[in-house]
Amino acid sequence: MTTSTLLVFQNPLLPKPTRPAHSSIAGVQKGAASACIVCARSQDDDYHATIKALNSKGRFPRKSLGQHYMLNSEINDQLAAAAAVQEGDIVLEIGPGTGSLTNVLLNAGATVLAIEKDQHMVGLVRERFASIDQLKVLQEDFVKCHIRSHMLSLFERRKSSSGFAKVVANIPFNISTDVIKQLLPMGDIFSEVVLLLQEETALRLVEPSLRTSEYRPINIFVNFYSEPEYKFKVPRTNFFPQPKVDAAVVTFKLKQATDYPAVTSTKSFFSMVSSAFNGKRKMLRKSLQHLCTSLEIEKALGDVGLPATSRPEELTLDDFVKLHNLIVQV
């Protein structure tokens, strides 16, 4: 398939498919071309607007950027609703793609800062919403950009009274952990973060089980900085191209610094947690010996109410906090 392929679809009055009929972006066979028209639906129809936008630029989703475009406007509505986006809100969107979710956020009355890595999608979104003053699109790699300075600048320009923004985004699955690590400690900027993630990742972040291989340092991190909640599943058939896994929407209600667990140092706390899980099969009295002696660790575990033979996957966030404050000297 070449980038000049023209996309054609059946009459929009007919029921639209839940996904493209073919795995490629190519249109229907030439013999049926007379029964088809070039897609020209309104921006409210994400299926047609998305395909039309890609077609207009001769673009095909790039696997290297994890691009999977949402084709279902109802999912975008639910994403915005999960964050209770309303008139006057300031919203950060990561990876706007063709602008289908951006359209929903703008229609809700929000001012949107969209960060997009793909220069072609940046041009497409800017062109699509050229007449809209409430949108700013930046071409940057989100995991490398200075999002705090961008948001503070937007607050100042919009004279925001609340002082808080929201994040609503359908992000590439391959950067989800990086995005979460960057956003969750920013409770002074954002009140909540709503992300569409790979379903397996969503479940692992929100419903980790102690004493299992799924329990990891990221679980401690997420619950330290936020209150996560699994909202709903999004079947893979809602995306183009269709990924190999389903997705899900998760909300993270960010905590203020005054609500963080009381540790003497967040840096040393997460360093200790990381060290503990680096030796996941080891007992903590072995993996944390660089902090103090085994006997001191055993005593601290006893003071926390845990066995001297405890391993990291057996400790809750509160257990790690108590242990840190007993054995780490800052």
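Residues numbered from 1 in each chain as written. Predicted model: local features only at pLDDT ≥ 70, side-chain atom pairs only at ≥ 80, totals over all residues. Heavy atoms only, no water.

Notes on the overall build of the chain
Moving on, step 1. Helix and strand content of the chain: 12 helices and 11 strands.
Moving on, step 2. Residue burial in the chain is summarised as follows: out of 330 residues, 49% are buried.
Moving on, step 3. The long-range fraction of contacts in the chain, counting pairs at least 24 apart against all pairs at least 6 apart in sequence, stands at 70%. (Helix = DSSP H or I, 4+ residues; strand = E, 2+ residues; numbered from the N terminus. Buried < 20%, exposed > 50% of the residue type's maximum accessible area, 1.4 Å probe, protein only. Contact = heavy atoms within 4.5 Å.)

Quick look at the pairing of strand β5 (residues 111-116)
Moving on, step 1. The buried fraction of β5 amounts to 6 of the 6 residues, a majority that puts the element mostly inside the structure.
Moving on, step 2. Side chains T111, L113 and I115 of β5 all project onto a buried face; the interleaved residues V112, A114 and E116 project onto the opposite face, where all are buried too.
Moving on, step 3. In the sheet, strand β4 (residues 90-94) pairs with β5 via 5 bridges, with the strands oriented parallel. Bridge pairing in β5 links E93 to A114.
Moving on, step 4. The handedness of the β4 to β5 crossover, carried by helix α3 (residues 100-107), is right-handed.
Moving on, step 5. Across 5 bridges, the pairing between β5 and strand β6 (residues 135-139) is parallel. Residue V112 lies in a different strand from β6, and its bridge partner there is L135. (Pairing = 2+ DSSP bridges. Right-handed = clockwise from strand over helix to strand, strands pointing away.)

Digging into the nonpolar core
Moving on, step 1. Ranked by size, the top nonpolar core spans 62 residues in total, and within it L92, L183, F190, L195, F252 and F269 carry the most contacts.
Moving on, step 2. Counting the residues that make up this core, at least three belong to each of domain 1 (47-254) and domain 2 (266-329).
Moving on, step 3. Dropping the residues within four chain positions of it, F269 is found in contact with I220, F224, V263, L317, F320, V321 and H324.
Moving on, step 4. Counting residues in hydrophobic clusters, the runner-up holds 27 residues, among them V91, L106, V122 and F239. (Core = buried A, V, L, I, M, F, W, Y, C linked by side-chain atoms within 4.5 Å. Domains from an automatic or database assignment.)

Some words on the pattern of salt bridges
Moving on, step 1. Evaluated as defined, the whole model comprises 12 salt bridges.
Moving on, step 2. One salt bridge connects D188 with R148, and the closest N-O pair in it is separated by 2.5 Å. Placement of the pair is D188 in the loop between α6 (176-183) and β8 (190-198) and R148 in helix α5 (residues 147-158), with a sequence separation of 40 residues.
Moving on, step 3. Overall, D188 belongs to the partly exposed group, its relative accessible area being 40%.
Moving on, step 4. Close ionic contact of E214 with R216 constitutes a salt bridge, the shortest N to O distance being 3.9 Å. (Salt bridge = Lys/Arg side-chain N within 4 Å of Asp/Glu carboxyl O.)

Comments concerning unusual backbone geometry
Moving on, step 1. For A84, which is not a glycine, the phi torsion comes out positive at approximately 50 degrees.
Moving on, step 2. Of note, A84 is situated in the loop between α2 (73-82) and β4.

Regarding the packing of α6 against helix α8 (residues 217-225)
Moving on, step 1. Between α6 and α8, the least distance of the axes is 10 Å, while the angle of their chain directions is 35 degrees. Remark: the crossing between α6 and α8 carries left-handed chirality. Seen from α6, the contacting residues are T177, I180 and K181; seen from α8, they are I218, F221 and V222.
Moving on, step 2. Along the lines of polarity and charge, the residues of the contact of α6 with α8 split into 4 nonpolar, 1 polar and 1 charged. (Axes fitted to C-alpha atoms, helices over the stretch in contact; angles between N-to-C directions. Left-handed = near helix turned anticlockwise from the far one by under 90°. Nonpolar A, V, L, I, M, F, W, Y, C, P; charged D, E, K, R; others polar.)

Looking at the UniProt feature "binding site: S-adenosyl-L-methionine" (unreviewed entry) in the chain
Moving on, step 1. Here, UniProt's "binding site: S-adenosyl-L-methionine" (unreviewed entry) annotation points to H68, M70, G95, E116, D141 and N170.
Moving on, step 2. Judged by relative accessible area, which is 28%, H68 ranks as partly exposed.
Moving on, step 3. Leaving out residues up to four positions away in the same chain, H68 has contacts with N170, F239, F240, P241, Q242 and P243.
Moving on, step 4. Mapped onto the fold, E116 is located in strand β5.
Moving on, step 5. At a separation of 2.9 Å, a polar atom in the side chain of E116 contacts the main-chain amide nitrogen of D118. (UniProt positions renumbered as here; feature names shortened; annotations may be inferred. Polar contact = N/O pair within 3.5 Å; in protein donor to acceptor, adjacent residues only side chain to side chain.)

Quick notes on the sheet that holds strand β9 (residues 226-234)
Moving on, step 1. Pairing is mixed in the open sheet, where 7 strands are placed in the order β6-β5-β4-β7-β8-β11-β9. On the outer flanks of this sheet lie β6 and β9, each paired with one strand and no other. For this sheet the average axis-to-axis angle between neighbouring strands, irrespective of direction, equals 15 degrees.
Moving on, step 2. In this sheet, strand β7 (residues 165-170) lies alongside β4 in parallel orientation, the contact comprising 2 bridges. Across the sheet, the residue bridging to V91 is K166, located in β7.
Moving on, step 3. Where helix α4 (residues 119-128) meets the sheet, it contacts β5 and β6, and its direction lies at approximately 165 degrees from that of β6.

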